[in-house]
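Descriptive analysis of the structure
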Amino acid sequence: MRFRWWLLAMLLPAVLPTAVQAAPELRCHFEVNAERFEHSFAPVSDPYIVQSINLADRFRFKAVVLGNDTRVDLVNLYVSYQTDRQPMVLQHLKFVAPVAQRQPTPDALTGRVALYSPFLGKELQYGCALHAVAP
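From a predicted model like this one, the values you see are computed outputs, not experimental measurements.

**Observations concerning the nonpolar core**
Core analysis: the largest hydrophobic core is formed by 24 residues, its most contacted members being L26, F61, L77, L124 and Y126. Of all the elements in the fold, those that place two or more residues in this core are strand 1 (23-32), strand 3 (53-55), strand 4 (59-67), strand 5 (72-82), strand 7 (113-116) and strand 8 (123-133). Looking at this core element by element, the count peaks at 5 residues for strand 5. Once residues within four sequence positions are removed from consideration, L26 is found in contact with H39, S40, F41, A63, V65, V75, L77, L109, C128, A129 and L130.

**Overview of the sheet that holds strand 6 (residues 87-96)**
The strand order 3-4-5-6 describes an open sheet built from 4 strands, whose pairing is antiparallel. Of all the strands in the sheet, just strand 3 and strand 6 have a single pairing partner and so form its edges. If you compare each strand with its neighbour and ignore which way they point, the axes differ by 20° on average. Where strand 5 and strand 6 come together, 9 bridges link them in antiparallel fashion. In the strand pairing of strand 6, Q82 is matched with P87.

What counts, and at which threshold
- Residues numbered from 1 in each chain as written.
- Predicted model: local features only at pLDDT ≥ 70, side-chain atom pairs only at ≥ 80, totals over all residues.
- Heavy atoms only, no water.
- Core = buried A, V, L, I, M, F, W, Y, C linked by side-chain atoms within 4.5 Å.
- Buried < 20%, exposed > 50% of the residue type's maximum accessible area, 1.4 Å probe, protein only.
- Helix = DSSP H or I, 4+ residues; strand = E, 2+ residues; numbered from the N terminus.
- Contact = heavy atoms within 4.5 Å.
- Pairing = 2+ DSSP bridges.
- Axes fitted to C-alpha atoms, helices over the stretch in contact; angles between N-to-C directions.

Structure, rendered in structure tokens:
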């Protein structure tokens, strides 16, 4: 009798289909002066390859999502204001080992964030969520 249970325990994982793990993806929604943008960011292993995105020629946003296809170890978010000479950093946020969710609210990770340009008072609003995306 014990042998049957042992045999069943050994063979069961080979017979049952393996669960497919969802891949993490950071999705951010932006609004600059009533102009809306959306962008998704996949995990990377090298933070230096990540490029910032342009938001209405006023702000730049960079999301460095460090991890792999199954987990995220660190998320760094950078927001800069685009000046004539160079970008001016307005905000840096860090999230250590955030958990991806299947159906998060659009701003589940960051909350709703509002930032203002230092010269013209232009407003950037954004929110990001870490999604668990089924392959």
